[in-house]
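The lines below spell out each chain.
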Amino acid sequence: MAVSQISVFLENKPGHLLHILNIFETSGINVRGFSTADTGDYGIARFVVDKPALALEMLRAQSCAAKESEVLCIRLPDRLGELARVIRIFAAAGINVIYSYTLVSNIIAIHTNNHAATEASLKEHSIELVSQDEISAGA
Amino acid sequence: MPHRNCFDPAVETAPREHIRRLQLEKLQKQAVWTYERIPWYRERFRKLGVKPEDIRTLEDVRRLPFTDKQALRDNYPFGLCAVPLDEVLRLHSSSGTTGKPIVIGYSRHDLDVWSDCVARLVVMAGVTRSDRAQMAFGYGMFTGGLGLHYGCEKLGCMIVPAGSGNTERHLMMIEDYQTTVLISTPSYALHMCEIGEKLGFDWANSSLKIGLFGGEPCTPCMKREIESRMRIVCTDNYGLTEVNGPGVAGECLSSRDHQHIAEDHFLWEVLDPATDEPCPEGTEGELVLTLLDKEAFPLLRYRTHDLTRVTTEPCACGRTHARMSKVRARTDDMLIIRGTNIFPRQVEDVLSGIHGVASHYRIILDNESGMDRMTVMVELQPEAFSDSFESMNHFQRHIVDRLRQSLMITPVVRLVEPGSIERTLGKSKRVDDRRVKE
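Residues numbered from 1 in each chain as written. Chains lettered and ligands numbered in written order. Predicted model: local features only at pLDDT ≥ 70, side-chain atom pairs only at ≥ 80, totals over all residues. Heavy atoms only, no water.

## A short note on the overall build of chain B
- Helix and strand content of chain B: 11 helices and 21 strands.
- For chain B, buried positions account for 55% of its 438 residues.
- A sequence separation of at least 24 residues applies to 66% of the contacts in chain B between residues at least 6 apart.
- Per element, the accessible surface of chain B, about 19000 Å² overall, is 50% carbon and sulfur. (Helix = DSSP H or I, 4+ residues; strand = E, 2+ residues; numbered from the N terminus. Buried < 20%, exposed > 50% of the residue type's maximum accessible area, 1.4 Å probe, protein only. Contact = heavy atoms within 4.5 Å. Areas by Shrake-Rupley, 256 points an atom, 1.4 Å probe, with all protein chains shown as cover.)

## Overview of the pattern of salt bridges
- If you walk through the whole model with that rule in mind, you get 39 salt bridges over all chains.
- The closest approach of N and O atoms between Asp41 of chain A and Arg414 of chain B, which form a salt bridge, is 4.0 Å. On the criterion of chain membership, the pair formed by Asp41 of chain A in the loop between β2 (31–38) and β3 (42–49) and Arg414 of chain B in strand β20 (residues 412–416) is interchain, its members lying in two chains.
- When its relative accessible area of 23% is taken as the criterion, Asp41 of chain A is described as partly exposed.
- Its salt-bridge partner being Glu128 of chain A, residue Arg75 of chain A comes within 3.1 Å of it at the nearest N-O pair. Of this pair, Arg75 of chain A sits in strand β4 (residues 66–75) while Glu128 of chain A sits in strand β7 (residues 128–130); the two residues are 53 residues apart in sequence, bridging distant segments of the chain.
- Of the residues examined, Glu128 of chain A reaches a relative accessible area of 37% and is grouped as partly exposed.
- Among the ionic contacts, a cluster of salt bridges with common partners joins Lys223, Glu227, Asp236, Glu251, Arg256, Asp257 and Lys326 of chain B. (Salt bridge = Lys/Arg side-chain N within 4 Å of Asp/Glu carboxyl O.)

## A few points about the packing of helix α10 (residues 344–352) of chain B against helix α11 (residues 389–407) of chain B
All names here are of chain B.
- At a minimum axis separation of 10 Å, α10 and α11 run at an interaxial angle of 135°. Between α10 and α11, the crossing angle belongs to the class labelled oblique. In this structure, α10 meets α11 at a crossing whose hand is right-handed. Taken together, the residues of α11 that come into contact with α10 (itself represented by Gln346, Val347, Val350 and Leu351) are Ile399, Arg402, Leu403, Ser406 and Leu407.
- Along the lines of polarity and charge, the residues of the contact of α10 with α11 split into 6 nonpolar, 2 polar and 1 charged. (Axes fitted to C-alpha atoms, helices over the stretch in contact; angles between N-to-C directions. Parallel < 35°, antiparallel > 145°, perpendicular 65-115°, else oblique. Left-handed = near helix turned anticlockwise from the far one by under 90°. Nonpolar A, V, L, I, M, F, W, Y, C, P; charged D, E, K, R; others polar.)

## A closer look at empty space enclosed by the protein
All names here are of chain B.
- Inspection of the entire model under this criterion finds 2 cavities of 30 Å³ or more.
- Space inside the largest cavity adds up to approximately 60 Å³.
- Mapped onto the lining of the largest cavity, the elements with two or more residues apiece are α5 (108–124), β8 (245–252) and β9 (255–261).
- The residue makeup of the lining of the largest cavity, split by class, is 7 nonpolar, 4 polar and 3 charged.
- Volume-wise, the second largest cavity comes out at about 40 Å³.
- If you go around the second largest cavity, the residues you meet are Asp110, Val113, Asn244, His265, Phe266, Leu291, Leu292, Asp293 and Lys294.
- Within the lining of the second largest cavity, the residues separate by chemical class into 4 nonpolar, 2 polar and 3 charged. (1 Å grid on protein atoms, 1.4 Å probe; cavity = no way out; pocket = protein on both sides within 12 Å on 5 of 7 lines; lining within 4 Å. Points joined across faces, edges and corners; volume = space filled by probe spheres on them.)

Dropping the structure here:
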């Protein structure tokens, strides 16, 4: 049920993120969610896109340091306490969220230390996971 | 038959004692020529209390005055010219990045000697008359362009004088004219690789076989990279504008990274830069060259500031001319950081042993905090990127540790994006010293 995420190594300088987004735009790749994080001199930008394979190919063709990895995408009802409920499940199951960010609409992407255990915990609590197909189709 | 691959076998494989006898003969003549025709040299001889006839053995070269770049600047443009300007057929000059350029003139004889020397190094690299050489050096005042051009013509191979720049046209010419030899700076060759790879150029099946590099230092790791990406054999040669340009020494395929010096035209000395005393054969010191066969701009004991070792041990190729090791440092590119002597090539050596970083780097020195700080910018290769700060930081610390072990100081390492360090067409500027000196 995992979704592809494209991560890119970026120097934290004006125009560098734009360069990546230009590549996406000209290749017709729609960004469905993203996050950026940095250490002071370099950073990692992470993207969930509708066409991950194409995105990776286009970035590599431009010699970008890009990598594909997996995240789990969870659809949460926009209600008080929903986020807390999910994180409480992880805490109880001993799952560590390494990073997370929100996508368009009410979807959050999470990367944990154990995706199989995370999926199992979410399933047990009937929390909806969003598939790659849905992301690509514009869930 | 090891001798068959020489341009001029009788000269290039002569017994050592013949070479030395010829050198002494020529040195004696050259000392007279220089003394009689150039007032600046006459004055130097007088100050040292030496006369041309004092040269009785090759070792007596040590009695002659040194020449350095400053002498060429002080006598700019024609003060060191030994023939009437009517006999000077061509001028070349250095790029003149600091102050005035230095200019060198050539008589017909000088041009003939020069193209002979270049033809030798071209043959040493494996080029034959059936080859087709594509020129990617700029022509003009730079000695590399016309130097290699006429050397190739002397050999008798086809030359395509495309000149520098316009990479796509170069790629087209390789394909259309089926050229087999590329003459370029190593950084331009890397640039061609990159552009070619983006455009889907098929290096594996291209007609190119040999790269003749020059114009800037070609580090072993750049060489390996170009060889594996372009699928060619890369050679380089040694020369400098002051002593004709390319052609002083050429890389020998039988002992890679060693270059046979054209000893019938150049007398070499290797001196300890601190004492100016000769170094024992095979130990590193500053290369000092005396032109043995130069009419227009003869130079005695020219201080190259290049550090090398020279051996007269026999070479597997059959040539008897001495071999110098590839110059990888200059007496003046040593950096002193917090009192420690560091050569940029040490950084290069460390980086070439780390998987996941490119061969390009930059060194930035500053002392904003009051203490010298060395920052090394290192290009991350796409395959080494991992989507985790923890492993990236670990990788960065690993590079710092490896550099610290070699340099004895702790640098700051900054990882930068692939391809982001400028590939200059000329000399790669690797060190940026921003330190404020009191």
